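# Structural characterization, general
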Amino acid sequence: MTQAPRRTPLYQSHIDAGAKMVEFAGWSMPIHYGSQLKEHEVVRADAGMFDVSHMVVIDITGADARDWLRSLLANDVAKLGFVGKALYSGMLNEQGGVIDDLIVYLAETGYRMVVNAGTREKDIAWLKKTSEGRDVTLTVRDDLAMLAVQGPNAIDKVCAVKPDWAEQIRGLKVFQGLPFGEWFVARTGYTGEDGLEIMVPAAEAPAFFTALIGAGVTPTGLGARDTLRLEAGMNLYGHDMDESISPLEAGMGWTVAWEPAERDFIGRKALEAQKVAGVAMKQVGLVMESRGVLREGMRVVVDGIGEGVITSGTFSPTLKLSIAIARVPKATADVAAVDLRGTLTLVRVVKLPFVRNGKKVYE
Amino acid sequence: MSQIPAELKYVESHEWLRLETDGTVTVGITDHAQELLGDVVFVELPKVGATLARDEQAGVVESVKAASDVYSPIAGEVVAVNEGLEAEPEQANTAPYAEGWFFKIKPANVADLDGLMTAEAYAKEIGA
């Protein structure tokens with residue numbers, strides 16, 4: 001039986017702003033408000049806002065919260081030195097596959113975790129299962145909406161709407177957040193631009209959305225969110241990695257905290273065995289200078305070495321050519337060929353990301 | 001709401017056709033098609049002089065979202081292609097019935113047009 005998609009607290013705001021709504025991970029979400037390309041450009045050049053209320057915010061409290069998270073996550077929450085500091089991590093299964101990728105913040109009374117919408121049910125089940133018998137309380141915060149305001153002018157425009165908070169918001173360093181009553185403002189994002197992710201009580205979200213429009217922030221949809229994150233070389237769960245893919249083959253090696261050696265997180269043994277045996281594949285960027293668009297699932301041929309696959313591909317609005325994230329044999333070359341609708345087409349193999357702060361960064 | 005000009009003919013694969021005064025037929029993709037595709041970023045057009053059968057692949061339109069084949073809605077010889085569209089593919093979004101045309105064909109049999117969908121039939125087809 002198919003259920004009607006859920007609506008975020010900003011559903012009516014999107015309709016009023018002219019959004020084209022689509023179903024995404026069980027939610028009715030704006031794909032664009034007219035032109036995905038224009039929305040992409042506004043985030044690179046000015047400020048856009050994405051409704052990310054479909055993502056799942058979970059507060060974690062209890063005396064065992066820290067120890068449990070240190071056993072649950074491949075990155076180490078012991079690195080979180082002060083309240084509001086954020087950590088990106090994979091949550092792995094025993095085989096070392098990625099159950100989800102997430103952000104965890106140190107809160108005043110424990111931790112706050114943000115996980116993907118598409119993995120909501122299995123993540124919550126995994127959190128409950130692994131915390132069983134421990135002094136850990138999980139509270140899913142469906143009472144909060146979340147807006148990502150992103151772009152070079154994003155912080156200025158949020159500060160114009162929240163002048164009383166401006167000084168503290170401007171003081172935030174990258175990957176840091178601060179609570180303001182029930183609100184939480186963090187300098188994080190998924191676009192490769194500066195900006196904020198703001199959790200706001202659901203009832204206050206529509207007025208905040210309207211105020212941001214008044215301050216010159218453009219509503220931007222999931223379409224632009226995907227091209228922005230791809231240019232920024234950021235993984236999308238279920239595409240660039242999943243439970244069958246090791247973080248070491250998905251560009252997430254930097255998120256695995258190997259030290260201290262005695263910290264036994266779920267998946268550690270499997271990852272250590274992979275390191276000993278040698279990791280076969282790695283994540284790279286592909287750039288195609290000829291016409292056409294690289295797409296997820298296309299075969300990548302590295303001459304004389306082996307084959308890989310495109311895990312995400314698109315047309316890059318910033319670079320005006322097609323780019324992709326791919327998983328290829330570790331001993332890859334500088335060039336490869338992609339099976340583009342039946343024609344093997346030459347692409348360059350580059351290091352991610354493609355774009356940061358509005359500028360091309362790959363060589 | 002999609003625009004569906006009354007004076008044009010349509011086919012199920014979302015191309016439109018316009019019979020010109022010189023007897024050629026101009027072909028493009030409909031407003032509904034461009035809405036489904038989203039922002040168009042590349043087009044591939046047929047070669048001038050190519051002879052196409054009805055429903056034969058005539059080109060490709062790629063949007064940020066997906067690649068789709070463009071079919072010839074009528075049999076004939078390609079007599080012109082819109083090079084301006086290759087340079088500015090967004091015209092398929094902004095002016096699908098004007099600057100966003102794809103190619104012109106000299107129909108093998110101009111009567112073939114009669115069997116194609118009217119604007120009214122196409123509106124029904126797409127549920128507009």
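Keep in mind that this is a model prediction, so the values were computed, not measured.

What follows concerns the overall build of chain B. The number of helices and strands found in chain B is 4 helices and 9 strands. Shown N-terminal to C-terminal, the secondary structure of chain B runs as helices and strands in the order β-β-β-α-β-β-β-β-β-α-α-β-α. Taken against the 2.2 N^0.38 rule, which gives 14 Å for 128 residues, the C-alpha radius of gyration of chain B at 13 Å falls within 12% of a compact globule. Judged by the C-alpha coordinates and their principal axes, chain B covers about 35 × 30 × 25 Å. Taking all 128 residues of chain B together, the buried fraction comes to 52%.

Moving on to the sheet that holds strand S16 (residues 299–302) of chain A. Strand order around the closed barrel formed by 6 strands is S15-S18-S17-S16-S19-S20 (chain A), with antiparallel pairing between neighbours. Each adjacent strand pair in this sheet contributes to an overall mean axis angle of 40°, direction not counted.

UniProt records the feature "modified residue: N6-lipoyllysine" (unreviewed entry) for Lys65 of chain B in the present numbering. Within the secondary structure layout, lysine 65 of chain B lies in the loop between strand S6 (57–63) and strand S7 (67–71). Among the residues examined, lysine 65 of chain B registers a relative accessible area of 48% and is labelled partly exposed. The residues touching lysine 65 of chain B, leaving out its near neighbours within four places in the chain, are Arg295 of chain A together with Leu36 and Leu37 of chain B. Here leucine 36 of chain B takes part through its backbone oxygen, which lies 2.7 Å from a polar atom of the side chain of lysine 65 of chain B.

Residues and elements named next belong to chain A. Membership of the largest hydrophobic core comes to 33 residues, with the highest contact counts inside it found for Tyr105, Met199 and Met241. Looking at this core, the elements that each hand over two or more residues are helix H2 (36–45), strand S6 (86–92), strand S7 (98–107), strand S10 (144–150), strand S12 (183–186) and helix H8 (222–231). The residues contacting methionine 241, other than those within four sequence positions of it, are Tyr88, Val98, Asp101, Asn235, Leu236, Ala250 and Met252. Counting 29 residues, the second-largest nonpolar core is a separate cluster that includes Met21, Tyr33, Val149 and Val158.

Take the side chain of aspartate 59 of chain A next. Residue and element names in this part refer to chain A. Positionally, aspartate 59 belongs in strand S5 (residues 56–61). The exposure class of aspartate 59 is buried, given its relative accessible area of 15%. A polar atom in the side chain of aspartate 59 sits 2.7 Å from the side chain of arginine 112.

The next point concerns the interface of chain A and chain B. Opposite the 12 residues of chain A that make contact, chain B presents 15 residues. For the chain A and chain B pair, buried surface summed over both sides reaches about 1200 Å², with 47% attributable to carbon and sulfur atoms. Among the residues chain A hides against chain B, the three largest losses belong to Arg291, Arg295 and Arg341 of chain A. Together they make up 46% of the total. Where chain A meets chain B, there are 2 salt bridges. Aspartate 69 of chain B is paired through a salt bridge with arginine 341 of chain A; the nearest N and O atoms lie 2.7 Å apart. Put simply, the parts of the chain that give the side of chain A that touches chain B at least two residues each are H2 and strand S17 (306–316) of chain A. The class makeup of the residues in the side of chain A that touches chain B is 3 nonpolar, 5 polar and 4 charged.

On to the UniProt feature "domain: Lipoyl-binding" (unreviewed entry) in chain B, then. The UniProt record marks residues 24–106 of chain B with the feature "domain: Lipoyl-binding" (unreviewed entry), using the residue numbering of this structure. Secondary structure content for residues 24–106 of chain B is 19% helix and 41% strand, while the C-alpha to C-alpha distance between its ends is 5 Å.

When you line up the elements, lysine 359 of chain A lands in strand S22 (residues 359–360). Separated by 315 residues in sequence, lysine 359 of chain A and arginine 44 of chain A place their C-alpha atoms 8.8 Å apart.

Okay, the packing of aromatic side chains next. All names here are of chain A. Summed over the entire model, instances satisfying the criterion amount to 9 aromatic pairs over all chains. On the numbers, 5.2 Å between centres and 75° between planes, the contact of tryptophan 165 with tryptophan 183 is edge-to-face. Of the two residues, tryptophan 165 sits in the loop between helix H5 (154–161) and helix H6 (166–170) while tryptophan 183 sits in strand S12, which places them 18 residues apart along the sequence. Neither tryptophan 165 nor tryptophan 183 differs from the other in exposure class; each is buried. Ring geometry for phenylalanine 354 versus tyrosine 362: centroids 5.9 Å apart, planes at 80°, classification edge-to-face. Of the two residues examined, phenylalanine 354 and tyrosine 362, each falls in the buried class. These aromatic residues form a ring-pair network of at least three members: Trp165, Phe180, Trp183 and Phe208. The ring of tryptophan 183 carries lysine 162 above its face, with NZ or CZ at 4.2 Å from the centroid. Over the ring of tyrosine 362 we find lysine 360, and its NZ or CZ is 4.8 Å from the ring centre.

Conventions used here
- Residues numbered from 1 in each chain as written.
- Chains lettered and ligands numbered in written order.
- Predicted model: local features only at pLDDT ≥ 70, side-chain atom pairs only at ≥ 80, totals over all residues.
- Heavy atoms only, no water.
- Helix = DSSP H or I, 4+ residues; strand = E, 2+ residues; numbered from the N terminus.
- Rg over C-alpha atoms; globule rule 2.2 N^0.38 Å.
- Buried < 20%, exposed > 50% of the residue type's maximum accessible area, 1.4 Å probe, protein only.
- Pairing = 2+ DSSP bridges.
- Axes fitted to C-alpha atoms, helices over the stretch in contact; angles between N-to-C directions.
- UniProt positions renumbered as here; feature names shortened; annotations may be inferred.
- Contact = heavy atoms within 4.5 Å.
- Polar contact = N/O pair within 3.5 Å; in protein donor to acceptor, adjacent residues only side chain to side chain.
- Core = buried A, V, L, I, M, F, W, Y, C linked by side-chain atoms within 4.5 Å.
- Buried area = accessible area lost by both parts, 1.4 Å probe.
- Salt bridge = Lys/Arg side-chain N within 4 Å of Asp/Glu carboxyl O.
- Nonpolar A, V, L, I, M, F, W, Y, C, P; charged D, E, K, R; others polar.
- Phe/Tyr/Trp six-rings, centres within 6.5 Å; stacked < 30°, edge-to-face > 60°.
- Lys NZ or Arg CZ within 6 Å of the ring centre and 35° of its normal.

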